[in-house]
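For reference, the chains in residue letters:
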Amino acid sequence: MPQERRKGEPFAVKDCALIAVATGKRAQNLKEMVDTLMTIHPGAIYHHFWGGLLRPRFDDPQYNNDFAVWCHYGLHDDILAERLAVIDPTDYENLEAIRQRLIEVLENRLDELETLSWSRTDQQFYFLRSQIVVFDTQKILSTPEELAQAIPHMSVGSVFFHFIDARRRFPWRMDDFRAWLQGFGEEYGHCVDALSCIDPYFLTLTELRTQIHQTLTNCLQRNA
């Protein structure tokens, strides 16, 4: 389960890192990309949408996922790159729904093209999966106020684990912060609602940490 929802239960702050694991699958053109996406492990889709948040990025930040980046740099297809870049994974119920949306966008583009573009051999798309490694920070929080104070000092790995990865781990798609705050009753319902309005996908983890802190701090001031 995510952080316990019972009032008084402590919040154990975790940290994490993502380890990239090769799948042995690759694509050099859109047809190969579609064929591979149909059967690739859903963990690869997760990695190529979210994994970039925890690794250094030197490409154009307007492309938030690896599929869009490859279409821009590998295929030089900016039309497709822009269509892929606007896909927000938080809008979809699960990774299978994201898979179907990706395939739909790619197949529509294939129907528009008269010739098939190929990437250079050294610019093929290599499908990777992520393995998450979780660390115990030994940091325990007891109140919502302590959570608000602790967030600016959390690592980006902690923010990723508690605010992003938690939504994948549990069927109710709720981050650990909101799940824990719910245990304090209706008094903190507006805090839960405010945090639910934050879309983590189009922010860096540093920006996300700042927004979570500001949102929670503003909400708690209403309870003071």
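**Student:** Pulling in residues and values, what's your account of the overall build of the protein chain?
**Tutor:** A tally of regular secondary structure across the protein chain gives 10 helices and 2 strands. Start at the N end of the protein chain and walk to the C end: the helices and strands fall as β-α-α-α-α-α-β-α-α-α-α-α. Once the C-alpha set of the protein chain is aligned to its principal axes, its extents read approximately 65 × 30 × 30 Å. Within the protein chain, buried positions represent 45% of all 224 residues. Taking the intrachain contacts of the protein chain between residues at least 6 apart in sequence as the baseline, contacts between residues at least 24 apart amount to 75%.

**Student:** Before we move on, could you go through helix H5 (residues 95-112) and cite the residues and values that matter?
**Tutor:** In this model H5 runs 26 Å from its N-terminal to its C-terminal C-alpha over 18 residues, within 8% of the 26 Å that 1.5 Å per residue would give. Taken together, the buried positions of H5 are Ile 98, Arg 99, Leu 102, Ile 103, Val 105, Leu 106 and Arg 109. Buried residues of H5 fall within an arc of 165 degrees about the axis and therefore sit on the same side. Structurally, H5 contributes buried residues whose contacts are with helix H1 (30-37), helix H2 (42-50), helix H3 (66-73) and helix H4 (78-85). For H5, the N-terminal cap is Asn 94; the gap from its side-chain oxygen to the backbone nitrogen of Glu 96 is 3.1 Å.

**Student:** Please give an account of the pattern of salt bridges that cites residues and values.
**Tutor:** According to the stated counting rule, one finds 13 salt bridges in the structure shown. Between Arg 83 and Glu 112 there is a salt bridge whose closest N-O contact spans 3.1 Å. With a gap of 29 residues between them, Arg 83 in helix H4 and Glu 112 in helix H5 connect regions that are remote in the sequence. Judged by its relative accessible area of 33%, Arg 83 is partly exposed.

**Student:** Report on the packing of aromatic side chains, specifying residues and quantitative values.
**Tutor:** Here the structure, examined in full by the defined rule, presents 12 aromatic pairs. Aromatic side chains Phe 11 and Trp 180 sit 5.4 Å apart centroid to centroid with 70 degrees between the ring planes, which places their arrangement in the edge-to-face category. Of this pair, Phe 11 sits in strand S1 (residues 11-27) while Trp 180 sits in helix H8 (residues 176-182); the two residues are 169 residues apart in sequence, bridging distant segments of the chain. By relative accessible area, Trp 180 is classed as buried at 0%. Ring centres of Phe 184 and Tyr 188 lie 5.8 Å apart, and the angle between their planes is 70 degrees; this geometry places the pair in the edge-to-face category. For the pair Phe 184 and Tyr 188, a shared accessibility class is recorded, and that class is buried. Here the aromatic cluster, defined as three or more aromatic residues joined through ring pairs, consists of Phe 49, Trp 50, Phe 67, Trp 70, Phe 125, Phe 127, Tyr 201 and Phe 202.

**Student:** Break down the environment of Val 105 for me, citing the residues and quoting the values.
**Tutor:** Here Val 105 shows up in helix H5. Residue Val 105 is classed as buried on the basis of its relative accessible area of 6%. Sequence-wise, Val 105 and Phe 67 are 38 residues apart; in three dimensions their C-alpha atoms are separated by 11 Å. Contact partners of Val 105, with chain neighbours within four places excluded, come to Leu 80, Arg 83, Leu 84 and Ile 87.

**Student:** Account for helix H9 (residues 189-196), naming residues and giving values.
**Tutor:** Along H9, the positions that sit buried rather than exposed are His 190, Cys 191, Val 192 and Leu 195. Packing partners of the buried residues in H9 comprise helix H7 (156-169), H8 and helix H10 (205-223).

**Student:** Tell me what's going on with the packing of H4 against H5, and back it up with residues and numbers.
**Tutor:** One way to put it is that H4 packs onto H5 with a least axis distance of 10 Å and a crossing angle of 160 degrees. In terms of their interaxial angle, H4 and H5 are classed as roughly antiparallel. Note on packing geometry: the crossing formed by H4 with H5 is right-handed. Between H4 and H5, the contacting residues are Ile 79, Leu 80, Arg 83 and Leu 84 on the first element and Leu 102, Val 105, Leu 106, Arg 109 and Glu 112 on the second.

Scoring rules and cut-offs
- Residues numbered from 1 in each chain as written.
- Predicted model: local features only at pLDDT ≥ 70, side-chain atom pairs only at ≥ 80, totals over all residues.
- Heavy atoms only, no water.
- Helix = DSSP H or I, 4+ residues; strand = E, 2+ residues; numbered from the N terminus.
- Buried < 20%, exposed > 50% of the residue type's maximum accessible area, 1.4 Å probe, protein only.
- Contact = heavy atoms within 4.5 Å.
- Expected span 1.5 Å × (residues − 1).
- Arc of directions from axis to C-beta.
- Polar contact = N/O pair within 3.5 Å; in protein donor to acceptor, adjacent residues only side chain to side chain.
- Salt bridge = Lys/Arg side-chain N within 4 Å of Asp/Glu carboxyl O.
- Phe/Tyr/Trp six-rings, centres within 6.5 Å; stacked < 30°, edge-to-face > 60°.
- Axes fitted to C-alpha atoms, helices over the stretch in contact; angles between N-to-C directions.
- Parallel < 35°, antiparallel > 145°, perpendicular 65-115°, else oblique.
- Left-handed = near helix turned anticlockwise from the far one by under 90°.

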